[in-house]
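Reading the structure
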Amino acid sequence: MGKKEKKSKEKKYVYSFGNGQAEGRADMKELLGGKGANLAEMDLLKLPVPAGFTITTEVCTYYYENNKTYPKELKKQVDEALKKVEKIMGRKFGDKDNPLLVSVRSGARISMPGMMETVLNVGLNDETREGLIKQTKNPRFVYDSQRRLIQMYADVVMEKAAGIEPEEGKSIRQILEKELEKMMHKKGVKHETELSADDLKELIVIYKNKVKEVLGKPFPEDPQEQLWGAIAAVFESWNGKRAVSYRRIEKIPDWWGTAVNVQSMVFGNMGETSATGVAFTRNPATGENVFYGEWLPNAQGEDVVAGIRTPNPINEAGKNEQNKHLPSLEKAMPNVYKELLKIQKKLEKHYKDMLDIEFTIQEGKLYMLQCRVGKRNGPAAVRIALDMLKEKLITKEEAVLKVSPAQLDELLHPIIDPQAEKNAKKIGSGLPAGPGGASGQIVFSSKDAVEWANQGKKVILVREETNPEDIDGMRAAQAILTGRGGMTSHAALVARGWGKCCIVGASNLLIDVEKKQMNCSDGTILKEGEWITLNGSKGIVYLGQLPMIKATEENKDFIKFMKLCDSLRKLKIRTNADTPEDAKKAREFGAEGIGLFRTEHMFYGEGSEKPLFLLRKMIVSKTESERRAALDELFPYVKEDVKGTLKVMDGLPVTFRTLDPPLHEFVPQNPDERKKLAKSLNIDLDEFNRRADSLHENNPMMGHRGVRLGISYPEITEMQVRAIFEATAELIKENKKPFPEIMIPVTCIQTELQHQYELIQRVHKEVCEKFKLKEIPHLIGTMIEIPRAALTADKIAEYAQFFSFGTNDLTQMTFGFSRDDIGSFLPEYLEKKILPYDPFQQIDRDSVGELMRIACEKGRKTRKDIKLGICGEHGGDPNSIEFCHILGLNYVSCSPFRVPIARLAAAQAAVRFDKKNKKEKTKKKAKSYNVHYIV
Ligand code: PEP
Ligand code: MG
């Protein structure tokens, strides 16, 4: 084998970029991470990207699988890539006259803001700094960069990556920060920017001594050692506490790994013509189409996002109460601003999405350091999708895919009741970083937030600023309030990602975390545990607990967006509802019918004492005549209930399910209740107790329930069906358009359904005669919730005009997991990755899904036009809805509040799976066990 051939076989672990000749592309995120892939793409677009290279995520996986070592090819590939960078930049790494400095950053497939580590200014030491000073003639800047490197390197590489866990307040970062403060104090200055070159030079010596003293090792002067130390530290940070905790919450798999980006440094801290900034191509909080961002002159790297200094607005349009006195980039550097504006437009057009970009200006020259699809909240996502459609930037199919079900859910979250808000006491304000309203008791630490929330309390986490260590508390809190930071600060980014109510930079509140209190500008002092309410959409803090209302009705974009979804989806969306009130709510949310009316539910809740008493009487009746007498008494209640719901759903189908639960569930335990019932049946208490106890079953879920009751006591089905037909007949006479569907539960044998079918047909005929109607429109069908029913669906379809998949029971029967007891072992199953998700939440396509597929196929064979739907809880789960679309069901049915999400999920499934070129993929996906819904 020739040398050349051998080389081409070598696995590629390093991808270069720079000079418009990147080896990667935007669609290589799995290998290069989001940051690396987008740097490559920007480079290919000929944007000003400092040259660099990306070490792939595969190296991270290798590192952890091979005892923290690297593939043998890596060193050589890194050396080669570094040479390319040197050539493009005209500098040399480690050269004492003309040194190249690099940044070393993480970059996973999905952005994990602030969860992993970064080291800047790598390559700087006492020797190379002299060369840089000669070149830049800016010793202050060079010394500042060196002291930053020592501080970062000691913290990230020498302490954290080495697994050292210092005592509270004794981390190397804090120790060095104290030295910096001491120096500022000694020199009588307030800001570090006021320290002179000599001060900083002195500080470098102090830093180095401290590092050696505290960590027992000197700070490495060798640039190569610095580089490899930083690379390892980034890989180590993939398994750091913060990153792991974030991955758990965001459900990011551990095996993805992070890439490492090594890029030549550009400096935003070279003086007043240098700067650094972060921006969004549109406002991420509202979606408004205005370039939006923040910048800081003479600053480096993370200064903007760290929330240490309040950043300046990027343009005049972005000015608000908090920052109106600060200069905008638009005014301060108009030419650079114009160039940036052009670039962001070009990027948005290219990516067809709202982007989040990072840039640095070095002595008046603009560099792009990052771009990625920008995180946005629900209302902004909807607005951006609609605006981009209007601007003809995207198609309507693309618009529908731009909003995730979770983001839409945010629009369904509460806002403060406007009436109450008008009269509420305003105690502070800040930047509106996360949508909606929330109220809670204030706590001042992440730990307290978690503990209080575990006690069932609603809390608002109040911090000066947040950092990734606060992640669990932020999650547990109803909302987050910070005193510092901008719209791109940690708190804002994380809250936006979660769609959580959040206000940042509320500088008029004096937050004292130690004393656990907050001083408001009007003199009010709030202590831990006191209630406040946040309007996260406007950035206002109120005293006390204000009432909330739903946001949906107020949002016109929501209605427009939903119409767009409706124009694309194939699935109809129904709801599970058993009361006229629920039916009404669901109709408002866009439900196109009721897919499950559980008749047993009418016996619980407000005003149901009488029908419940009569039902119980029927249950403990011994003879048919006793039972019929009780059923006759019950009849008018059932009819009234049925009629009420049919009326609300006028013109839309309503699926009434006959009685399903095992009867003993209804028998009262209370002796007084029992006495009353005994009396009404003219029997003594002993006899009552005997009858009630005889209903006991060892395994009621598989016992005398569903259709089995209808077979043992046909008079029960008869009464229910008569009530349905009579209510329908009456409504027809009132010129309404009722459409009942009668559904038999727990069927598994054809003859069971035949029995009920014939009974229903007889009652239908009788009611038609009574009301002098030729026909009462209706359908008769069954639930498919037992594997046998699915497997014999062709036979069952002879008596069923429709099937509705009861996936709650079907999952129970398929897995043999009790739906009521799975809680005792499911968490462990998930934790140990025995199961990838809860099968009661998401359809397991390999088993339950396969049974559904068989049932559809067999059902359609017998009855071509059989109507197919689902009414188990999975009907509101986006992944399961996608599966239902693939199977070609007619509808899904879910709880009223899930209806909008189901409308969106159905539209997205239609877009994703109906493209001709995706046919093959569809089949494969439908069968795969591990399909995960990516939003
Ligand atoms: C089901 O089993 O999926 C179903 C909808 O019925 P229930 O939950 O009432 O048993
Ligand atoms: Mg069921």
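Structure report, in brief.

Thresholds applied
Residues numbered from 1 in each chain as written. Chains lettered and ligands numbered in written order. Predicted model: local features only at pLDDT ≥ 70, side-chain atom pairs only at ≥ 80, totals over all residues. Heavy atoms only, no water. Helix = DSSP H or I, 4+ residues; strand = E, 2+ residues; numbered from the N terminus. Buried < 20%, exposed > 50% of the residue type's maximum accessible area, 1.4 Å probe, protein only. Polar contact = N/O pair within 3.5 Å; in protein donor to acceptor, adjacent residues only side chain to side chain. Pairing = 2+ DSSP bridges. Axes fitted to C-alpha atoms, helices over the stretch in contact; angles between N-to-C directions. Donors = N, O, S within 2.8 Å, 3.2 Å for Na, K, Ca; no water. Salt bridge = Lys/Arg side-chain N within 4 Å of Asp/Glu carboxyl O. Near = heavy atom within 4 Å. Areas by Shrake-Rupley, 256 points an atom, 1.4 Å probe, with all protein chains shown as cover. Nonpolar A, V, L, I, M, F, W, Y, C, P; charged D, E, K, R; others polar. Contact = heavy atoms within 4.5 Å.

With respect to the side chain of R376
Along the polypeptide, R376 turns up in the loop between β12 (365-373) and α13 (378-390). For R376, a relative accessible area of 6% puts it in the buried group. A polar side-chain atom of R376 sits 2.9 Å from a polar atom in the side chain of D353.

Here's the deal with the sheet that holds strand β22 (residues 525-527)
In space, the 3 strands of this open sheet follow the order β20-β21-β22, with antiparallel pairing throughout. A strand with exactly one partner marks an edge of an open sheet, and here the two such strands are β20 (510-512) and β22. Mean inter-strand twist for the sheet, computed between neighbouring axes without regard to direction, equals 15 degrees. Where β20 lies against strand β21 (residues 517-519), 3 bridges are found, and the strand directions are antiparallel.

Notes on the coordination of the magnesium ion (ligand 2)
Surrounding the magnesium ion (ligand 2) are the protein donor atoms E785 (OE) and D809 (OD), at 2.0 to 2.2 Å. Here the residue E785 occupies a position in the loop between β30 (779-784) and α29 (787-791), and D809 occupies one in helix α31 (residues 807-815), the gap between them amounting to 24 residues. Judged by its relative accessible area of 4%, D809 falls in the buried class.

Observations concerning the pattern of salt bridges
Following the criterion strictly, the structure yields 76 salt bridges and no others. R129 is the salt-bridge partner of E130, the closest N and O atoms lying 3.0 Å from each other. Overall, E130 belongs to the partly exposed group, its relative accessible area being 36%. We note a salt bridge from E192 to R147, for which the minimum N-O separation is 3.0 Å. Taken together, the residues E192 in the loop between α7 (172-187) and α8 (197-215) and R147 in helix α6 (residues 139-160) connect sequence positions 45 residues apart. Accessibility expressed as a relative area gives 31% for E192, which makes it partly exposed. Under the relative-accessibility criterion, R147 is labelled buried at 4%. Members of the salt-bridge network, linked through shared partners, are E117, D155, K160, R173, E177 and R242.

Topic: the site of ligand 1
In the vicinity of ligand 1 lie 14 residues, with R598, R657, G806, N808 and R819 positioned nearest. Within the complex, the protein chains bury 94% of what would otherwise be the 280 Å² of accessible surface of ligand 1. Of all elements in the fold, only β27 (594-598) and α31 reach the threshold of two or more residues within the shell around ligand 1. The element contributing the most residues to the shell around ligand 1 is α31, with 3 residues. In the shell around ligand 1, the residues fall into 3 nonpolar, 4 polar and 7 charged.

Here's the deal with the sheet that holds strand β9 (residues 292-297)
The strand order across the open sheet formed by 5 strands is β10-β9-β8-β11-β12, and the pairing between neighbours is antiparallel. Lying at the two open borders of the sheet, with one neighbouring strand each, are β10 (312-313) and β12. Bridging between strand β8 (residues 275-280) and strand β11 (residues 355-362) involves 6 bridges; their strand directions are antiparallel. From the neighbouring strand, F280 faces β11, where its bridge partner is D356.

Re the environment of G374
Position of G374 among the secondary structure elements: in the loop between β12 and α13. In sequence terms G374 and L355 are 19 residues apart; their C-alpha atoms lie 4.4 Å from each other. Contacts of G374, omitting those with residues within four sequence positions, involve F280, M354, L355 and D356.

Here's the deal with unusual backbone geometry
In this structure, N682 takes a positive phi of about 60 degrees despite not being glycine. Here N682 lies in the loop between α24 (671-680) and α25 (685-693). With relative accessibility at 72%, the residue N682 sits in the exposed group. Even without being glycine, N735 reaches a positive phi, approximately 65 degrees. Position of N735 among the secondary structure elements: in the loop between α27 (714-733) and β29 (739-744).

Scope: geometric values only; no functional claims are made or implied.
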